[in-house]
Amino acid sequence: MADRLTPARVLIYALLAGFAAFYLVPLLVVVLNSVRTAEDIGATSVVGLPRELAFGNFERAWGSYCIARRCEGISPYMWNSFLMVVPATIISTLLGALNGYSLALWRFRGDNWVFGIITLGVFLPEQMKLVPWTLVLRDLGLTNTIAGLVLIHVVQGISFTTLFCRNYYTAIPQELLKAAKIDGAGFFRIFWRIVLPLSPPILIVTVIWQFTHIWNEFLYGVTFTSGAQQPVTAALIALSVSVSEAPQYGVQSAAVLIAALPTLLVYLFGGKYFVRGLTAGAVK
Amino acid sequence: MSALRIARLRKRFGAQEVLKGIDLEIGSGEFLVLVGPSGCGKSTLLNVIAGLEKAGEGTVEIGGRVVNDVAPKDRDIAMVFQSYALYPTMTVRQNITFGMECRRVPRPQQEEALARVARLLQIEALLNRKPSQLSGGQRQRVAMGRALVRDPMLFLFDEPLSNLDAKLRVEMRMEIKQLHRRIGATMVYVTHDQIEAMTMATRIAVMHQGEVQQFADPETIYNRPATLFVARFMGAPPMNTVAARLTGGAEGLAAIIGAGRPDEIRLPVPEELAARAGPFRDREVVLGIRPECIAEADRRFGADARHSVPIEAPVEMTEPTGAETIVLMRLGGEALLGRVSPDIRLPVGAPARFALDTRKLCLFDPATERLIA
Ligand SMILES: Nc1ncnc2c1ncn2[C@@H]1O[C@H](COP(=O)(O)OP(=O)(O)O)[C@@H](O)[C@H]1O
Ligand SMILES: [Mg+2]
């Protein structure tokens, strides 16, 4: 039998467990610190078990801790992130579905070139686009606004969403489209009535991808917004910088955990659909 | 007025010319079958008629109107696809009414048309199901229903039965034929199955490599195939085609199989054919003879005894099908198939006597492969 517990196998498992533990240490430290008081941490070090469970860190991180002279915790920035991530995810996903639909099912002259150029966006690093976006946001009057970040994430997201959707839609048989054309349906009616109802698996994948990606994005957040307009990832930086007095590792850890919670929830509830959607065909 | 007229139609995909000058014309109420081997351009032709592919050159007229630049939905057609192409997320009801919805037919009329078609095809019980909950035969019916709710100038079918099992295929074949008789609509039906073509068509266009080899009624296609390709494609088992030599004797023209061999066979060419075959006297031809024209020795073909020629040939193999027995025999060195009554026992390897029907002999020019007479 292949799964007998041989010495070699024991060694492999031990090694894997070691790597896994090593990988989880930072998370463990953050979780432990989030329930330790500042005195506790100050008395020993950032690595240590909590002497008592102090959940007050979460309350302060959420609602009253001072970040850049505003003492409202991270909750306003969490709200900013939601205002950014929800419209950006929805719009970029819909545009990606529409793009993917026309690229996969309505062949036109040069369609492969268009697809190639759109997906090139997947491989361009963010830093390269900082200056162009600065100019665009300035000219549109969207500097230091959440709307500006939404615009950036919609445009940047189209590359990925188009790639996902096009590859999914190529599995839809051409005869389906022919039948609809004879029935008298046009481009948008076919999309709305026939293609979109077939799309939940890939839309779930795209939404999860976009949501986590945009939520966790940091570079554009700190570059293009400041003060009260910042998304939570950028505010976390301000939070660690603003620690002038005694370091507040407990509160910081709690803030990090709160900020990570939405993507964690998306993963917990959507993860299985994500895997399923990536492997599903459009029509069985 | 013709229901469909196609003139000098050409179509190419890149470097490949798929339709090479098609001319067809059918009247209202006809059942045209486009038949030919896979890849010969049948579906492409049907798609051009539907407007799903653009014609390269030439014209397509539906009901006297040139439709080259008319969108599929405005061509007054309905189509059934090989894969059925049912909308997977819609119920049967929605599948059938979707076209009317697109054309903004009022609700009460939609309901009326739906009820009529559901009754006609006996799918009333299925209306609220999704396509994935239907069997192959039921899907086929729904696909038909989607076409039948319209009252179009032209019905187009692209191999609608090829995904069904053999028994269901025969049933649906009869049903479509009855349907055609009942509603009197004009139909264009694509198939690679020559039996479907023979049984359903009022007219057949046999296609090969982007050309129409012959366009005629089923009887003519079967008995007077215009080319060797048609002769060998239509009929199962196919027509025997063997090399022969035409000679003229005192008693008229004759075709000799295996000329010069000790076992040469001499077949008199009927007078009706002799006139056109005259120029080929003393030349090589290809002789075509249907297997059912070679039968047991005591069979008589027609009233005139001269048309039943007695022959003797060694039997190489027999295939009893139950209704008849197919015999492989050797005539003048050539292998030929015959069809004899199932009660006849023919020992393999021994010579046996047969009767041969000369009325339906076909003679082809070996160079052009076209029918001489
Ligand atoms: N969209 C297309 N692009 C390129 N070649 C095609 C296309 N559609 C059909 N063909 C080619 O045209 C030929 C005829 O195809 P088709 O009309 O589908 O044949 P049939 O229906 O008789 O089997 C085939 O060789 C096929 O490969
Ligand atoms: Mg085909």
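Residues numbered from 1 in each chain as written. Chains lettered and ligands numbered in written order. Predicted model: local features only at pLDDT ≥ 70, side-chain atom pairs only at ≥ 80, totals over all residues. Heavy atoms only, no water.

As annotated in an unreviewed UniProt entry, chain B carries the name Sn-glycerol-3-phosphate ABC transporter ATP-binding protein UgpC and comes from Plastoroseomonas hellenica. Listed under Sequence similarities (unreviewed entry) in UniProt, the entry text for chain B is "Belongs to the ABC transporter superfamily." (UniProt positions renumbered as here; feature names shortened; annotations may be inferred.)

Per an unreviewed UniProt entry, the recorded name for chain A is Carbohydrate ABC transporter permease, and the organism is Plastoroseomonas hellenica. UniProt's Sequence similarities (unreviewed entry) comment on chain A is quoted here verbatim: "Belongs to the binding-protein-dependent transport system permease family."

Digging into the pattern of salt bridges
Residue and element names in this part refer to chain B. Evaluation of the coordinates by the stated rule reveals 24 salt bridges over all chains. Measuring nitrogen to oxygen at the nearest pair gives 3.1 Å for the salt bridge that ties Glu61 to Arg5. A residue pair is termed long-range when its members are at least 10 positions apart, and Glu61 in strand β4 (residues 57-62) and Arg5 in strand β1 (residues 2-13) qualify at 56 residues. We note a salt bridge from Asp357 to Arg359, for which the minimum N-O separation is 2.9 Å. (Salt bridge = Lys/Arg side-chain N within 4 Å of Asp/Glu carboxyl O. Helix = DSSP H or I, 4+ residues; strand = E, 2+ residues; numbered from the N terminus.)

Points about the sheet that holds strand β15 (residues 294-296) of chain B
Residue and element names in this part refer to chain B. The five strands lie next to each other as β15-β19-β16-β17-β18, forming an open sheet whose pairing is antiparallel. Two strands bound the open sheet, and with one partner strand each, they are β15 and β18 (334-340). When the angles between neighbouring strand axes are averaged without regard to direction, this sheet yields 50°. Across seven bridges, the pairing between strand β17 (residues 325-331) and β18 is antiparallel. Looking at β18, one finds that Met329 is bridged to Leu336. (Pairing = 2+ DSSP bridges. Axes fitted to C-alpha atoms, helices over the stretch in contact; angles between N-to-C directions.)

Overview of the interface of chain A and chain B
Counting residues at the interface gives 16 residues for chain A and 26 residues for chain B. Surface buried jointly by chain A and chain B totals about 1,900 Å² across both partners, of which 62% is contributed by carbon and sulfur atoms. Where chain A touches chain B, the interface holds two salt bridges. Across the chain A-chain B interface, the total number found is six residue pairs in polar contact (both at pLDDT 80 or more). Elements with a contribution of two residues or more to the side of chain A that touches chain B: α8 (174-183) and α9 (187-195) of chain A. A total of eight residues in the side of chain A that touches chain B trace back to one element, the largest contributor, which is α8(A). Here the side of chain A that touches chain B is composed, by residue class, of nine nonpolar, one polar and six charged. (Contact = heavy atoms within 4.5 Å. Buried area = accessible area lost by both parts, 1.4 Å probe. Polar contact = N/O pair within 3.5 Å; in protein donor to acceptor, adjacent residues only side chain to side chain. Nonpolar A, V, L, I, M, F, W, Y, C, P; charged D, E, K, R; others polar.)

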